Structure formats: C-alpha cells, structure tokens
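The chain contents come next:
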Amino acid sequence: MADAVADTRRLYTKPQNLSDAYGPPSNFLEIDVGNPETVGVGRGRFTTYEIRLKTNLPIFKLKESCVRRRYSDFEWLRGELERESKVVVPPLPGKALFRQLPFRGDDGIFDDSFIEERRQGLEQFLNKVAGHPLAQNERCLHMFLQDESVDKNYTPSKVRQA
C-alpha cells in the first residue's frame, strides 16, 4: 500500500487591493427602522415606523426603498411567513397590554421610551427575517419592504430572481 502524503502547499490567493478591501461588499442587505410618527387621536391613534432598505441582492426589485409600516403590519408579515414559508420566524417585540390600560401616569404605548424600545425590536426582527435566504423568496416580505401599501389580500407566492 502506498503511503499517503499530505499536501501542505498553500492555496494561491489573489493579493487584496484597496478597492477590494474598502469597496462595497459583494452582497449586502441593510434595513433600518426609524423615524417613528404617532398619528390619529383617541382609539384611532397609532405609531408608524419608516423602513429603509438598501441592498445589492438580485432577488429584490428595488435596490433602495423607503416605506412606512405600523405594528399590525409587522404582525401580518410574521403570520404570513409562519404560514407560507419553511422559516422559523423570530418573535416580535411584545404587545405591551399593560401599557394600554387607562389611568396610567405615562403615555402608555405612545411613551417615547416604549416607542424606541419597540423600534429596536422591530429592526432586529426585520433584519433576522430578511437575512434568511428562504424568507427572501417570499412575496409577502418583498411587498412589506418595498411596496407603498401592503395588500393583505395578495396571493402568496415565491419571488424569482430577475
């Protein structure tokens, strides 16, 4: 039997230049949730969040987009992903039912600190979901991130790369 000799030669690597080191990454997806706005009065009052997306992933039709969504839209997206995809969907930040009780000493769910805490949770949720390769194929995610309004009567389907 012949003795096996381990190949210890180094792989040839191309020297890195400045544009490789500091140029745009080959694939990127940035999602920021920010600029919360509370609108309406009384029981019709709610907070919307601005969702900014920047990407060079070919699966997304727009390379930059900016839409506004409210918490119930995030709940809809989570429900659709759980129902239609094979992805384990992370939880949303809580509903904060205690904060909705009357006669509290603060603004409840419209308190600045609560809105900021929720904003951070929604941003984490979206980045986890949108970063998942299987979730990126879901039409509901694309509609949520890039369409001006969410058509909750859409037909679920997969997105094909352009």
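You'll find the structure just up there.
Please read these numbers as outputs of a predicted model, since none were measured by experiment. (Residues numbered from 1 in each chain as written. Predicted model: local features only at pLDDT ≥ 70, side-chain atom pairs only at ≥ 80, totals over all residues. Heavy atoms only, no water.)

Asks: Mind showing me how you'd approach the nonpolar core here?
Replies: The nonpolar side chains of a soluble globular protein tend to be buried, and buried together. One finds Ile51, Phe74, Leu77, Phe125, Leu126, Phe144 and Leu145 to be the most contacted residues of the largest nonpolar core, which totals 32 residues. The dominant element in this core, judged by the number of residues it contributes, is helix α3 (residues 112–130), at six residues. When near neighbours in sequence (up to four residues on either side) are disregarded, Phe74 contacts Ile51, Arg69, Leu92, Leu122, Phe125, Leu126 and Phe144. (Core = buried A, V, L, I, M, F, W, Y, C linked by side-chain atoms within 4.5 Å. Buried < 20%, exposed > 50% of the residue type's maximum accessible area, 1.4 Å probe, protein only. Helix = DSSP H or I, 4+ residues; strand = E, 2+ residues; numbered from the N terminus. Contact = heavy atoms within 4.5 Å.)

Asks: Would you mind showing me how to read the sheet that holds strand β1 (residues 29–39) here?
Replies: Hydrogen bonding along the main chain pairs the strands of a sheet, whether they run parallel or antiparallel. Sheet architecture is open: three strands sit in the order β1-β2-β3, paired in antiparallel fashion. Of all strands in the sheet, those bounded by a partner on one side alone are β1 and β3 (64–70). With direction set aside, neighbouring strand axes in the sheet form an average angle of 20°. By the bridge criterion, seven bridges tie strand β2 (residues 46–55) to β3 in an arrangement that is antiparallel. Each bridged residue has a counterpart across the sheet, and for Thr48 the counterpart in β3 is Arg70. Together, β1 and β2 form the strand contacts of α3, whose direction differs from that of β1 by roughly 150°. Across the face of the sheet, helix α4 (residues 139–146) comes into contact with β1, β2 and β3 while running at roughly 95° to β3. (Pairing = 2+ DSSP bridges. Axes fitted to C-alpha atoms, helices over the stretch in contact; angles between N-to-C directions.)

Asks: What's the story with the layout of surface pockets in this structure? I'm lost.
Replies: Over the atoms rolls a probe the size of a water molecule, and its path tells where empty space is left. Taken as a whole, the second largest pocket holds about 160 Å³ of empty space. In terms of lining, the second largest pocket is formed by 12 residues, of which the most central are Lys61, Arg139, His142, Gln146 and Val159. Grouping the amino acids of the lining of the second largest pocket by side-chain chemistry returns six nonpolar, two polar and four charged. (1 Å grid on protein atoms, 1.4 Å probe; cavity = no way out; pocket = protein on both sides within 12 Å on 5 of 7 lines; lining within 4 Å. Points joined across faces, edges and corners; volume = space filled by probe spheres on them. Nonpolar A, V, L, I, M, F, W, Y, C, P; charged D, E, K, R; others polar.)

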